[in-house]
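What the coordinates show
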Amino acid sequence: MHHLEHIRQTDPEVFDLIVNEEKRQFEKIRLIPSENYVSTAVLEATGSVFTNKYSEGYSGKRYYEGQQYVDLLEDLANKRACELFGADHANVQPYSGSPANLAVYFGLLKPGDTVMGLALPHGGHLTHGWNVSITGNYYRSVQYTVHPETHRLDYDYIRELARKEQPKLIVAGATAYPRIIDFAAFRSIADEVGAFFLADMAHIAGLVAAGAHPSPVPHAHVVSTTTHKTLRGPRGGMLLMKNEVAEQIDRAVFPGLQGGPHNHTTAAIAVALKEAATPEFREYGHQIVKNARALAEALVEKGFKLITGGTDNHLILIDATSRGTRGRKLAKVLDRCGIVCNMNTIPFDPRKPFDPSGIRIGTPAITSRGMKEPEMKTLAGFFARAIDIIEDKEAQAVVAAEVAEFCKAFPAPGIRIG
Ligand SMILES: *Cc1c(COP(=O)(O)O)cnc(C)c1O
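Criteria and thresholds
Residues numbered from 1 in each chain as written. Predicted model: local features only at pLDDT ≥ 70, side-chain atom pairs only at ≥ 80, totals over all residues. Heavy atoms only, no water. Near = heavy atom within 4 Å. Polar contact = N/O pair within 3.5 Å; in protein donor to acceptor, adjacent residues only side chain to side chain. Areas by Shrake-Rupley, 256 points an atom, 1.4 Å probe, with all protein chains shown as cover. Helix = DSSP H or I, 4+ residues; strand = E, 2+ residues; numbered from the N terminus. Nonpolar A, V, L, I, M, F, W, Y, C, P; charged D, E, K, R; others polar. Contact = heavy atoms within 4.5 Å. Axes fitted to C-alpha atoms, helices over the stretch in contact; angles between N-to-C directions. Parallel < 35°, antiparallel > 145°, perpendicular 65-115°, else oblique. Left-handed = near helix turned anticlockwise from the far one by under 90°. Core = buried A, V, L, I, M, F, W, Y, C linked by side-chain atoms within 4.5 Å. Buried < 20%, exposed > 50% of the residue type's maximum accessible area, 1.4 Å probe, protein only. Domains from an automatic or database assignment. Buried area = accessible area lost by both parts, 1.4 Å probe. Salt bridge = Lys/Arg side-chain N within 4 Å of Asp/Glu carboxyl O. 1 Å grid on protein atoms, 1.4 Å probe; cavity = no way out; pocket = protein on both sides within 12 Å on 5 of 7 lines; lining within 4 Å. Points joined across faces, edges and corners; volume = space filled by probe spheres on them.

A word on the site of the ligand. Contacts to the ligand come from 13 residues, most closely from Ser96, Ser98, Asp200, His203 and Lys229. One of the side-chain nitrogen or oxygen atoms of Ser96 is found 2.4 Å away from an oxygen atom of the ligand. Bound to the protein, the ligand loses 86% of the 380 Å² it would expose on its own. A total of three residues in the shell around the ligand trace back to one element, the largest contributor, which is helix H5 (residues 97–108). Class assignment for the residues of the shell around the ligand results in two nonpolar, nine polar and two charged.

Take a look at the structure:
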């Protein structure tokens, strides 16, 4: 019997799509740094009957009856989150990373207050005050950039900017920054100007849990994260906070922003948090970083220029123009070669966001498949070949077949083929 037997019977169209997606995730080298493979246990929890339950409110203070197990579940998830990250208080109800950030804005600020975050083209997230986001419209947003030469965060300049602009909230965290973030420095800047400090660790939560990146939790008033990136849980969001802001933030999540929490997601977050507290996960987090470093070195050897010259975390930003192409083009060619990544702006990019200079890659998903340093050399070889055959679709299909063969040796968590 197929593991999706019921869908196969009742809805062959969706069945086919799921099976094809499963095959795609198995046969390709997935390098999008915000993606991963969750365990079968996490998948089971997301597919559980907790999806049937409404539970607006918080444990012990709900608006509907029947919360005997939901309350225990949410308490367990919160307890595991606090223990894993050393937080005072946790909230696992945000539907995803963006609503988690929005809840912090809504909880701590008034419309029009000044917020300060890293500009999107420099690695920040939309919700850090970028102009198309609600966070750049309902608040007065001041954006900092990375240093024009080093392309790293420059804490003296950020401090100067904060002194001048007097923000009420300073946001640190990134979607495309390959280096360690100094959260203690951000807190000291926030304290100097009397701002709240929000650390958004969406990309690096798994590294933080594993001890492979310094934790923002001791420093920030609030830490936001997604649960589905390096943390390797279901799609979801989570807030960790100091007791002093807990009431305000909880009220902003519910009833401020959301209705009923996604209890099946809470179940899967609880499962993922238990997994993340194991020695195996610690090793996983450190291996992500070792792999990223090995891949960065191997790419440099193949003539690719990397932003900041390398990486300290799970992520690498490649300047595609260093090999005579562009981000959009290279991302498309790599996909046809069986290697999935995304185009990305590079700091001070002279090109447009829809056709930027760079691509962004990362090692969380391939490390979940057990790839190690030697495989990173193989991977850099595939990149170099993609450049050589950039106009030759037939040759690209040949590489894709080789990549699929290569992937067979690396079982993917949660995927029941191969
Ligand atoms: C991914 C990400 C988010 C948003 O998460 P969604 O779940 O996509 O809403 C927020 N902040 C940072 C830094 C991220 O990388």
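Attention shifts here to the side chain of Thr175. Its place among the elements puts Thr175 in the loop between strand S7 (169–172) and helix H7 (183–193). If near-sequence neighbours (up to four positions away) are discounted, Thr175 is found in contact with Gly123, Gly124, His125, His203, Leu315 and Arg360.

Between helix H11 (residues 279–301) and helix H14 (residues 373–388), the shortest axis-to-axis distance is 8 Å and the interhelical angle comes to 40 degrees. When the interaxial angle is binned, H11 and H14 end up oblique. Classified by chirality, the crossing of H14 by H11 is right-handed. Across the interface between the two elements, Gln287, Lys290, Asn291, Ala294, Leu295, Ala298 and Leu299 of H11 pack against Glu373, Met376, Lys377, Leu379, Ala380 and Phe383 of H14. Classifying every residue of the contact of H11 with H14 by side-chain character gives eight nonpolar, two polar and three charged.

This paragraph deals with the nonpolar core. In this structure, Phe85, Tyr144, Leu153, Ile170, Phe186, Met238 and Leu240 are the most contacted members of the largest nonpolar core, which totals 52 residues. With near-sequence residues (within four places) excluded, Phe85 lies in contact with Met201, Ala205, Val208, Ala209, Val217, Leu231, Met238, Leu240 and Leu273. One finds Ala298, Leu330, Cys341 and Ile366 within the second-largest nonpolar core, a separate group that totals 38 residues.

What follows is about the domain arrangement of the chain. The figure often quoted for interface size is the accessible area lost as the parts come together. When its domains are assigned, the chain resolves into domain 1 (14–33 + 288–407) and domain 2 (44–276). Taking the mean C-alpha position of each, domain 1 and domain 2 sit 28 Å from one another. Taken together, the contacts link 21 residues of domain 1 with 22 residues of domain 2. Approximately 1800 Å² of surface area, both sides summed, lies buried where domain 1 meets domain 2, with 59% of it carried by carbon and sulfur atoms. Per-residue buried area on domain 1 facing domain 2 is highest for Thr308, Asp312 and Phe348; these three make up 34% of the total on that side. Counting every contact that joins domain 1 to domain 2 gives one salt bridge. One salt bridge in this structure joins Asp312 and Arg179, with 2.9 Å as the shortest N-O distance. Counting across the domain 1 and domain 2 interface gives eleven residue pairs in polar contact (both at pLDDT 80 or more). Counting residues per element, the ones that place at least two in the side of domain 1 that touches domain 2 are H11, strand S12 (315–319) and helix H13 (364–368). Residue composition of the side of domain 1 that touches domain 2, grouped by class: ten nonpolar, nine polar and two charged.

By volume, the largest pocket amounts to about 760 Å³. For the largest pocket, the lining is made up of 27 residues, of which Gln25, Asn36, Val38, Leu43 and Arg235 are closest to its centre. At the level of elements, helix H2 (12–27) and helix H3 (40–46) are the ones that each hand at least two residues to the lining of the largest pocket. When its residues are assigned to classes, the lining of the largest pocket shows eleven nonpolar, eight polar and eight charged. Formed jointly, the lining of the largest pocket draws a minimum of three residues from each of two domains, domain 1 (14–33 + 288–407) and domain 2 (44–276). Roughly 400 Å³ of volume is contained in the second largest pocket. Lining of the second largest pocket is provided by 22 residues; of these, Leu120, Pro121, Gly124, Asn344 and Thr345 occupy positions nearest its centre. Residue classes in the lining of the second largest pocket are distributed as twelve nonpolar, six polar and four charged. In terms of domain composition, the lining of the second largest pocket takes at least three residues from each of domain 1 (14–33 + 288–407) and domain 2 (44–276).

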